[in-house]
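Per-entry structural report
In case you want the letters, here they are:
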Amino acid sequence: AMAARRLATLATRARVVTVDPPAAGGARGARALTGAATATRPAALARSRPHARASGAGRRARTAALARALSSDTGATGTSAGGAGGAPEPPPVLDAEAEVVEAGSTGGGAGAGVSGAAEPAVKAETEEKHTFAAETGQLLQIVAHSLYTDKHVFIRELVSNASDALEKARHLQVTGAEIVDPDVPLEIRITTDEAAGTFTIEDSGVGLDRDELVSNLGTIARSGSKAFLQEALAKGGAGGLESGLIGQFGVGFYSSFMVSEDVRVYSQSASPGRQAHIWKSAGDGSYSIAEADAVPRGTRIVVKLRDDTREFAVGKAVEDIIKKYSNFVQYPIFVNGKQVNTVKAVWAMTPSEVTEEEYDGFYRHISHQFDSPLYRLHFNSDAPISLQALFYVGQQHMEKFNMGVQKPGVHLYSRKVLIEAESAVMPLWLRFVHGVVDSEDIPLNISRESMQDSALIQRIRNVLTRRFIRFLEQQAKKEPEQYLQFFREFGRFLKEGVCTDRVLAPEIAKLLRYESTTLPAGEMTSLDEYISRMEPTQKSVYYIVAANRALAEASPYMEAFRADGGNTEVLLLYDGVDDFVMSNLHEYNGRKLVTAEAGSIDLAKDGASSKKADEADEAKGEDGKAAAGGKKLSEEEVKELGEWLMNVALPDKLTKVSATSRLTSTPAVITDHESAAVRRMMRFVEQAQSQADGAAASPTAVPKQQLEVNPKHPIIVNLFAARNNDVELSRSVAEQIFDNALMAAGLLDDARVMLPRLNKLLTRVMASDADALAEAAGKAAGKAEAE
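Structural notes, computed from the coordinates.

Reading the values: rules and limits
- Along every chain, residues carry numbers that run from 1 in the direction the sequence is written.
- Whole-chain, interface and lining totals are the exception, using all residues; otherwise, since this is a predicted model, local features are given only for residues with pLDDT of at least 70 and side-chain atom pairs are given and counted only at 80 or more.
- With hydrogens and water excluded, all non-hydrogen atoms of the structure serve as input to the side-chain values.
- Secondary structure elements are defined from DSSP: runs of H or I of at least 4 residues count as helices, runs of E of at least 2 residues count as strands, and each element is numbered from the N terminus.
- Partly exposed residues are those whose accessible area sits between 20% and 50% of the maximum for their type, while under 20% is buried and over 50% is exposed, using a 1.4 Å probe and protein chains only.
- Contacts were defined at the residue level, with two residues in contact if any of their heavy atoms lie within 4.5 Å.
- Computed with a 1.4 Å probe, the accessible areas rest on the Shrake-Rupley method; for each residue, only the protein chains presented here act as cover.
- Only the stretch in contact is used when a helix axis is fitted, and all axes are lines through C-alpha atoms; the angle between N-to-C directions ranges over 0 to 180 degrees.
- In what follows, roughly perpendicular refers to angles from 65 to 115 degrees, roughly parallel to angles under 35, roughly antiparallel to angles over 145, and oblique to any angle outside these ranges.
- Throughout this entry, Asp, Glu, Lys and Arg are counted as charged residues, while Ala, Val, Leu, Ile, Met, Phe, Trp, Tyr, Cys and Pro are counted as nonpolar. The remaining residues, Gly among them, count as polar.
- Any pair of nitrogen or oxygen atoms within 3.5 Å is treated as a polar contact; in protein, a donor-acceptor pairing is required on top of that, and neighbouring residues in sequence qualify only through side-chain atoms on both sides.
- Two strands are said to pair when DSSP picks up at least two bridges between them.
- What makes a salt bridge here is a side-chain nitrogen of Lys or Arg within 4 Å of a carboxyl oxygen of Asp or Glu, nothing more.
- When two rings of Phe, Tyr or Trp (its six-membered ring) have centres within 6.5 Å they constitute a pair, described as stacked for plane angles under 30 degrees, edge-to-face for angles over 60, and tilted for the intermediate range.
- Two conditions define a charge sitting above a ring: the NZ of Lys or the CZ of Arg must be within 6 Å of the ring centre, and it must be within 35 degrees of the ring normal.
- Directions pointing from the helix axis toward each C-beta atom define the arc.
- To count toward a patch, a residue needs a relative accessible area above 30% and no salt bridge. Like charges then connect within 9 Å, nonpolar side chains (Val, Leu, Ile, Met, Phe, Trp, Tyr) within 5 Å.
- Only four residue types enter the charge count: Lys and Arg as positive, Asp and Glu as negative, with His and the chain ends excluded.
- Lysine's charge is taken at NZ, arginine's at CZ, aspartate's at CG and glutamate's at CD.
- The set of buried Ala, Val, Leu, Ile, Met, Phe, Trp, Tyr and Cys residues whose side-chain atoms join them within 4.5 Å is what this entry labels a nonpolar core.

**Some details on the overall build of the protein chain**
- Tallying secondary structure elements over the protein chain gives 28 helices and 23 strands in all.
- With 787 residues in all, the protein chain has 50% of them scored as buried.
- Relative to all contacts within the protein chain whose residues are 6 or more apart in sequence, the contacts with residues 24 or more apart total 76%.
- As displayed, the protein chain has an accessible area near 35000 Å², and 52% of this comes from carbon and sulfur atoms.

Here you go:
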């Protein structure tokens, strides 16, 4: 916005030195006046022109030059083209807009095209030379060499200008205005000549007369398209021009000086009785205008390319650029006689106008896929600004093949001209979506290469994202089976959205689907459906993360839910990222999301269990009652066992040992962190910190954990009894209990560390069994002998 204001301010200050043609004022006067004006130019402008793609230092220098130009108010005035004695005419202005192109080229239709025709005859005696004042010369250098990022953008700008010229001609025709050669087709023709190093673009649009060439090509930052639209609106008959015209800033034409040695513009106005002219400039702060003959209606621009930009004289390269940036311009574009823009701008059409074949063809064109889309969303929006959007979801994505993070699939257009490929107009987690977003008034920077006004862009992104989320919700209700197919393929992207978009996370969470302990294997449910089946008093949504259903159901953390008779539903999550999804989401629809591995679970207190605590204890089965004849450690005994485990058996491995009533058939579990994935992440962090501190860290070392023991389990009861009598055996059993708990929690990366200990325990068990068997055999033999 600041750049646009500076350009406008400087353009209004600029003055042009107008020199009489030689026939009127004499060559000597022309040279003297031209030389005086040239002397006012900064020394920097007298040097050769810099390359189009300026370095950062070069851009900063030009910005400083622009600031100095804005702070000055110098300008030269000259005599009018008519003679020396008259009052000076209003200073001509140099239009940097696409009116030149719009005055564009006449295409090769029905004998009206200029392509292949002889060079128009120029009347040298009518030539007028104009020299820009210092400020305008500096501004031209900045616009031509510092404004644009890539040189090939000049083709997009010239095509856009030509399209505007054609749209104006169409508007004049539909409003009944008389124009020259009304039957000439409205089209754009581009010709490249590798040998001559030229790029030529022609249109059959409205063209420009002498005054319009001076005003539109002589004034930087004056948009002829915008002026034409304002004039049409003032007359009350825009006739669709608001959406048809592309130019906004009046600088597009000057992008041609990034690549050229000089530029020639031949133009014939569409208004009857007007003389054709040629406008020439090398982008050095001056230009000339002369009359020309044999110029068809419209504008022809001939760009003489520099040696380092001759790739733009290659037809195939030009075709590729047009297909990328201008493929959906509404008028035909021919490159060396071949039409290149054959795909319709489907998104700009109403859905009723588009066939299924056209929808599918456009999907394959924009996604480079060969399948049919799974979903399609085509809509318009008027708030916060006017938007047209067409989104597709394919059958699959490439990230699952370990091909890296795929690029965003949505492209940003403005008035059917590409502004940003693989645009950030949609959030990154929706990168699997292919499509187009087009806006007539989206805020662009002056080079039309990217967007500005980040606050408005964020609002646009929210509008598009919410609309797509709502669409998926509707599809999930309308076609549940098809939605499950979508979720199995693209569910990870939705989970990424929950983790990265805090504002929309609750809305995205509605789209998640998981298996459940109350549903058959393979059947999935949503969080809303889970809540609808909850007990009215239940306050939490429970879930467990495991590799598959069998491991989840066999987990010791599920014992409390099995003891409840299966009345409390648990969501089964099979993707490691689900831990982070639930941690980021934290709660849903007023209910906390609680992992089954949490140490604070109490189903009775949560209102999830329909049984009282004592009834639940009674329902836990016979495993606990069988513990050493129904023995159970008291609170004091659990405390003693905990101190022994922390100080003797498992030093530096435990932070706390406590009793739990949630277990039935498992002696102990670890309840250090809420999430298994978070626990693993914390382990890696602590290991990295240990290495940074120079401390030795085992590859399988884990941070200190909290251990909950089952005071009724026979292993725990007998371990308490044997801990002081057989220290070696008790320590091995304690280590095995701890490693088993680590495995259940997913924290033991390599179970092979347990093998020596297991072999020792098995040896001890078998030895004990052999002694017992020998003793039993001896007793049996003695009894037989006595009998």
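**Quick look at the packing of helix α24 (residues 635-649) against helix α27 (residues 727-745)**
- Contact geometry of α24 with α27 gives a least axis separation of 11 Å together with a crossing angle of 100 degrees. With respect to α27, the axis of α24 lies roughly perpendicular. Mapping the contact onto sequence places Trp644, Leu645, Val648 and Ala649 in α24 and Ser730, Arg731, Ala734 and Glu735 in α27.
- Partitioning the contact of α24 with α27 into residue classes produces five nonpolar, one polar and two charged.

**Some points on the side chain of His277**
- By the secondary structure assignment, His277 is in strand β6 (residues 277-281).
- Looking at His277, its side chain comes within polar contact range of the main-chain oxygen of Gln275, at 3.1 Å.
- Leave out the neighbours within four places in its chain, and His277 touches Asp209, Arg210, Leu213, Val265, Tyr266, Ser267, Ile289, Ala290, Glu291 and Ala292.

**What about the pairing of strand β20 (residues 591-595)?**
- Bridge analysis of strand β17 (residues 540-545) against β20 gives four bridges, and the strand direction is parallel. The residue bridging Val541 from the neighbouring strand is Leu593, located in β20.
- Adjacent in sequence and paired antiparallel, strand β19 (residues 587-588) and β20 are bridged by two residues, among which Asn589 carries a positive phi angle near 55 degrees.

**Quick word on the environment of Leu412**
- Looking at the element boundaries, Leu412 is found in strand β13 (residues 409-414).
- Here the alpha-carbon distance between Leu412 and Ser423, two residues eleven residues apart in the chain, equals 5.9 Å.

**Focus: the pattern of salt bridges**
- Applying the stated criterion across every chain yields a total of 30 salt bridges.
- Across the salt bridge formed by Lys123 and Glu291, the nearest N and O atoms sit 3.6 Å from each other. Here Lys123, found in strand β2 (residues 121-132), pairs with Glu291, found in strand β7 (residues 286-293); they are 168 residues apart in sequence, far enough to count as distant.
- For the salt bridge of Asp575 with Lys495, the shortest nitrogen-to-oxygen distance reads 3.7 Å. Taken together, the positions of Asp575 in the loop between β18 (570-573) and α20 (578-585) and Lys495 in helix α15 (residues 480-500) put the pair 80 residues apart, joining distant regions of the chain.
- Take Asp575: its relative accessible area is 15%, and that puts it in the buried class.
- Note on Lys495: relative accessible area 7%, which makes it buried.
- Three or more residues joined by partner-sharing salt bridges are found here, namely Arg492, Lys495, Asp575 and Asp578.

**Brief notes about the packing of aromatic side chains**
- A complete count under the given rule lists 27 aromatic pairs for this structure.
- A ring pair is formed by Phe154 and Phe312, whose centres lie 5.3 Å apart and whose planes are at 80 degrees; its orientation type is edge-to-face. Here Phe312 lies in the loop between β8 (298-305) and α12 (315-325) and Phe154 lies in helix α8 (residues 153-174), a separation of 158 residues in the sequence. No difference in accessibility class separates Phe154 from Phe312, as the two residues are buried.
- Pairing Phe253 with Phe257 gives two aromatic rings, centres 6.0 Å apart and planes at 85 degrees, and the pair type is edge-to-face. Residues Phe253 and Phe257 agree in their burial class; the two are buried.
- Joined through ring pairs, the aromatic side chains of Tyr375, Phe379, Phe391, Phe432, Phe468, Phe471, Tyr483, Phe486, Phe490 and Phe493 make up one cluster.
- A cation over a ring is seen here: Arg376 above Tyr359, with NZ or CZ 3.8 Å from the ring centre.
- The residue whose ring lies beneath Arg467 is Phe379, and the NZ or CZ to ring-centre distance is 5.3 Å.

**Here's the deal with the pairing of β6**
- Burial within β6 is extensive, with four of its five residues counted as buried.
- By the bridge criterion, five bridges tie strand β5 (residues 260-268) to β6 in an arrangement that is antiparallel. Along β6, the bridge assignment pairs Tyr266 with Ile278.
- In this sheet, β7 lies alongside β6 in antiparallel orientation, the contact comprising five bridges. Within the sheet, the bridge partner assigned to Lys280 lies in β7 and is Ser288.
- Hairpin connection of β6 to β7: four residues between the antiparallel strands, including Gly283 at a positive phi of 70 degrees.

**What about α12?**
- By the burial criterion, the buried members of α12 are Gly315, Val318, Glu319, Ile321, Ile322 and Tyr325. Seen end-on, α12 carries its buried residues on one side only, within an arc spanning 165 degrees.

**Section: the sheet that holds strand β12 (residues 387-393)**
- Reading across the sheet, the five strands line up as β11-β12-β15-β13-β14 and stay open at both edges, with mixed pairing between neighbours. Of all strands in the sheet, those with a lone pairing partner are β11 (375-381) and β14 (417-420), marking the two edges. Going from strand to strand, the sheet's axes swing by 20 degrees on average, the running direction of each strand aside.
- As paired strands, β12 and strand β15 (residues 433-438) are joined by six bridges and run antiparallel to one another. The residue of β15 that forms the bridge with Val393 is Val433.

**What to know about a negative patch on the surface**
- A cluster of like negative charges, contributed by Glu481, Glu523, Asp528 and Glu529, occupies part of the molecular surface.
- Considering the arrangement of structural elements, one finds Glu529 in helix α17 (residues 527-533).
- The class for Glu529 is partly exposed, based on a relative accessible area of 38%.

**A short note on the nonpolar core**
- Core analysis: the biggest nonpolar cluster contains 101 residues, and Phe391, Leu464, Phe468, Phe486, Leu494 and Leu645 have the highest contact counts within it.
- For this core, the leading source of residues is helix α14 (residues 454-478), giving nine residues.
- Dropping the residues within four chain positions of it, Phe468 is found in contact with Leu377, Phe391, Val393, Leu430, Phe432 and Val433.
- Judged by nonpolar contacts, the second largest core, of 61 residues, contains Leu158, Ala169, Leu305 and Ala345.

**Section: the sheet that holds β20**
- The strand order β16-β18-β17-β20-β19 describes an open sheet built from five strands, whose pairing is mixed. Bordering the open sheet on either side are β16 (515-516) and β19, each of which pairs with just one other strand.
- Taken together, the two bridges between β19 and β20 define a ladder with antiparallel strand orientation. Across the sheet, the residue bridging to Glu587 is Lys592, located in β20.

**Considerations on the environment of Leu512**
- By the element assignment, Leu512 lies in the loop between α16 (505-509) and β16.
- Of the residues examined, Leu512 reaches a relative accessible area of 0% and is grouped as buried.
- Separated by 25 residues in the primary sequence, Leu512 and Phe487 have C-alpha atoms spaced 7.7 Å apart.
- In this structure Leu512 touches Phe487, Leu494, Lys495, Val498, Thr525, Ser526, Leu527 and Val581, once residues within four positions along its chain are discounted.

**Overview of unusual backbone geometry**
- Of note in the backbone geometry, Lys416 takes a positive phi value of approximately 70 degrees without being a glycine.
- Relative to the helices and strands, Lys416 is located in the loop between β13 and β14.
- The partly exposed category is assigned to Lys416, whose relative accessible area is 24%.

These results come straight from atomic positions and should not be treated as a statement about function.
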